[in-house]
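Listed below are the residues making up each chain.
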Amino acid sequence: MNKNSNIYQILYAAIMVVLVGAVLALVYMSLKPRQDENIANDKRRQILAAVHIAPPTESETGATFDKYVTGGMLVDSLGAVVDTTRKAAFEVDMSKNVKQAQRQLPVFVCTLDDGSTKYVIPLYGAGLWGPIWGYAAVDDNGNTVYGTYFTHSGETPGLGARITEPEFQKQFDGKELHKEGAFKSIAVMKKGQKPLDGSDYVDAISGATITSRGVGDMLEQCIKYYEPFLKQLSNRSNQ
Amino acid sequence: MLSKRNKEVLFNPLSKDNPVLVQILGICSTLAVTVKLEPAIVMGLSVITVMAFSNVIISLIRKTIPTTIRIIVQLVVVAALVIVVQQFLVAYDYDVSLQLNVFIGLIITNCILMGRLEAFALNNKPWPSFLDGVGNGLGYMLILVIVAFFRELLGSGTLLGYQVIPQWCYDHGYMDNGMMILPPMALITVACIIWVQRARNKDLQEQA
Amino acid sequence: MEELNIFIKSIFIDNMIFAYFLGMCSFLAVSKNVKTALGLGIAVTFMLVVTIPINYLLDKYVLQAGALTWLSPTLADVDLSFLGLIMFIAVIASGTQLVEMAVEKFSPSLYASLGIFLPLIAVNCAILGGALFMQQKSFDSAWTATVYGAGSGIGWLLAIVGLAAIREKIAYSNIPAPLRGVGITFIITGLMGIAFMSFMGIKLG
């Protein structure tokens with residue numbers, strides 16, 4: 001058969017496409033459950049990291065998550081709870097969610113070993129090169145930060161990427177989101193500087209001004225939607 | 001199995017015929033994944049896998065490929081293999097797949113691959129093609145690892161994530177060189193490697 | 001304003017060459033004189049502007065999870081994203097082929113100056129890289145994606161023309177023999193990259 005005839009070429013291309021498509025689909029289908037599990041476990045680990053819990057081993061991530069993250073909910077911008085399943089909160093994709101006019105506001109409820117309850121709020125913002133995201137755990141007084149977790153997709157290693165380090169994240173522990181009843185968030189300031197509005201602040205990573213600023217903005221922009229919800233928490237704990 | 005010629009095919013790319021240093025191919029991805037040692041090693045292994053298998057596949061079907069759509073056939077084979085590798089990484093080494101990010105996809109346009117397919121696999125039997133793929137992959141990985149070694153050591157004071165520069169050095173005023181982790185230093189590191197290699201191999205030097 | 005920011009950012013900060021080293025192979029091969037460098041730069045920019053919106057639409061309406069719902073709501077569970085790479089490269093390869101034919105037919109003079117570079121572009125990492133970064137950045141519209149493509153292309157063009165100009169001059173310098181050629185080109189590119197880093201963090205409006 002003539003290798004350069006049109007029919008041969010078209011047949012060749014068609015067979016190749018079908019073959020390759022079949023092989024890829026097969027690989028994809030057989031690996032998909034494992035991949036989804038990995039992605040979900042990664043998210044679980046991030047949420048747990050915000051309340052300072054690390055699963056003992058990779059395979060126990062699911063069990064640890066079930067043990068500590070006892071509930072989840074979606075709230076609306078007035079603070080009312082619209083959905084009380086953990087699954088609904090877990091399935092919110094923040095990268096899509098932040099672009100919506102009507103944001104869904106997921107909250108994870110964690111019960112720790114000492115019986116205290118923490119509320120974990122997902123965060124999503126922009127760093128220097130791409131998105132940054134994370135979780136912030138708030139005490140049941142709706143004001144004090146219990147722990148945070150940040151990560152990123154492509155910040156400069158050794159500079160912006162250091163937002164993933166515990167040394168940076170630990171700074172947020174115990175900081176307060178409100179001052180004299182007003183929501184102030186937590187500022188990320190260059191070492192030695194203080195915010196003018198009297199809000200709580202932490203030290204930025206030196207050399208990574210934009211990523212650090214991104215973390216500060218992300219906290220403010222994401223948590224402000226939860227303000228009514230946090231108010232309710234603080235009212236409840238004052239009673 | 002390893003005749004003299006096959007040995008040359010396998011080992012020449014490690015030094016005298018190194019794809020990165022001498023043939024100046026595949027620079028694109030060499031540099032972006034070399035900030036840390038671990039992603040560099042995984043990237044190198046991925047390239048070896050893709051290269052060896054695409055060489056074998058193309059070599060097996062080399063007599064049936066219509067010359068006019070040759071490039072497209074090669075691209076499809078390579079792209080399919082890269083997707084397979086990528087899917088396996090997401091399933092079995094999720095953290096590293098996050099670090100490598102889009103660069104695993106960019107293996108497709110790694111010039112070493114297309115270069116070897118064109119220059120070797122299309123004219124040779126599967127076994128030598130396999131060796132050629134592995135050899136060139138190793139040559140590529142070697143450079144990745146050398147560059148990543150220096151960048152991680154000098155830039156972060158760690159190797160494979162473990163602290164190797166002792167604390168007392170920092171106490172006495174040693175500081176990690178933040179410059180090393182920035183993109184431009186990858187280029188300068190490769191230039192230094194080229195310098196060393198060409199100083200030893202006089203016949204590789206270019207006339208200005 | 002958003003578009004302008006993306007444009008500036010993709011030229012100066014997310015520069016394909018200095019920040020991601022994409023398209024280095026042809027970058028090193030062709031940057032020996034300014035004229036050919038300019039030709040390749042224009043060809044790359046052109047291909048980025050053409051292929052990025054096509055790949056964007058492909059990604060949005062065919063490949064992403066649930067992207068096929070516009071055909072029929074029952075397809076909401078179909079996720080073809082694993083085919084992304086192969087589709088992008090197919091679009092780029094056939095795009096180059098089509099553009100080459102079109103340019104040859106309608107503008108022979110442009111073909112004469114660009115002709116030899118066009119086939120090279122199918123395997124230029126910058127084009128595929130552009131498509132992959134576009135997917136990762138998940139832009140809002142095809143227009144924003146096009147702006148990103150144009151910016152990336154111009155950034156690439158700027159880098160290659162700049163390097164070619166320096167290389168033309170450096171031919172008169174006395175460089176240590178082992179560094180001649182590629183070695184010194186790497187160092188120059190690195191230094192240019194450091195210079196470009198000073199643009200980091202600029203933001204308009």
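Just so it is clear, the model here is predicted, and its values are computed rather than measured.

Draft legend 1. Structural detail: the packing of helix 7 (residues 125-137) of chain C against helix 8 (residues 142-170) of chain C. Residues and elements named next belong to chain C. At a minimum axis separation of 11 Å, helix 7 and helix 8 run at an interaxial angle of 140°. Here helix 7 lies oblique to helix 8, going by the angle between them. In this structure, the crossing between helix 7 and helix 8 has a hand that is right-handed. Note on element contacts: helix 8 touches helix 7 through Ala145, Tyr148 and Trp156, opposite Ala126, Gly130, Phe133, Met134 and Lys137. Across the contact of helix 7 with helix 8, the residue classes break down as six nonpolar, one polar and one charged.

Draft legend 2. Up close: the interface of chain B and chain C. On the side of chain C, 40 residues touch chain B, which itself brings 42 residues to the contact. Buried surface at the junction of chain B and chain C, summed over both partners, amounts to about 3400 Å²; 83% is from carbon and sulfur atoms. Counting across the chain B and chain C interface gives zero salt bridges. Summed over the shared surface of chain B and chain C, the number is zero residue pairs in polar contact (both at pLDDT 80 or more). Contributions of two or more residues to the side of chain B that touches chain C are made by helix 2 (27-32), helix 4 (70-92), helix 6 (111-119) and helix 9 (183-200) of chain B.

Draft legend 3. Fine view of helix 4 of chain B. Given a rise of 1.5 Å per residue, 23 residues ought to cover 33 Å, and the 33 Å separating the end C-alpha atoms of helix 4 of chain B matches this to within 8%. In terms of burial, helix 4 of chain B is largely enclosed, as 17 of its 23 residues are buried.

Draft legend 4. Representation of the sheet that holds strand 1 (residues 69-75) of chain A within the structure. Residue and element names in this part refer to chain A. Strand order in the open sheet formed by six strands is 2-1-3-4-5-6, with antiparallel pairing between adjacent strands. On the outer flanks of this sheet lie strand 2 (81-83) and strand 6 (145-152), each paired with one strand and no other. The average undirected angle you get between the axes of adjacent strands in this sheet is 35°. On top of the sheet, helix 2 (residues 61-68) reaches strand 1 and strand 3 (105-111); it is set at about 70° to strand 1, its chief contact. Along the sheet face, helix 7 (residues 227-238) touches strand 1, strand 3, strand 4 (117-126) and strand 5 (131-139) and points at about 160° away from the line of strand 4.

Draft legend 5. Representation of the pairing of strand 5 of chain A. Residue and element names in this part refer to chain A. In terms of burial, strand 5 is a largely internal element, seven of the nine residues being buried. Two elements, strand 4 and strand 5, share nine bridges in a ladder whose sense is antiparallel. In the sheet register, Ala126 faces strand 5, and the bridge partner there is Pro131. Hairpin connection between strand 4 and strand 5: a loop of four residues separates the two successive antiparallel strands. Looking at chain direction, strand 5 and strand 6 are connected through seven bridges and run antiparallel. When the sheet's bridge partners are listed, Val138 is paired in strand 6 with Val145. Once strand 5 ends, the chain turns through five residues before running back antiparallel as strand 6, passing Gly142 with a positive phi of about 70°.

The rules behind each value
Residues numbered from 1 in each chain as written. Chains lettered and ligands numbered in written order. Predicted model: local features only at pLDDT ≥ 70, side-chain atom pairs only at ≥ 80, totals over all residues. Heavy atoms only, no water. Axes fitted to C-alpha atoms, helices over the stretch in contact; angles between N-to-C directions. Helix = DSSP H or I, 4+ residues; strand = E, 2+ residues; numbered from the N terminus. Parallel < 35°, antiparallel > 145°, perpendicular 65-115°, else oblique. Left-handed = near helix turned anticlockwise from the far one by under 90°. Contact = heavy atoms within 4.5 Å. Nonpolar A, V, L, I, M, F, W, Y, C, P; charged D, E, K, R; others polar. Buried area = accessible area lost by both parts, 1.4 Å probe. Salt bridge = Lys/Arg side-chain N within 4 Å of Asp/Glu carboxyl O. Polar contact = N/O pair within 3.5 Å; in protein donor to acceptor, adjacent residues only side chain to side chain. Expected span 1.5 Å × (residues − 1). Buried < 20%, exposed > 50% of the residue type's maximum accessible area, 1.4 Å probe, protein only. Pairing = 2+ DSSP bridges.

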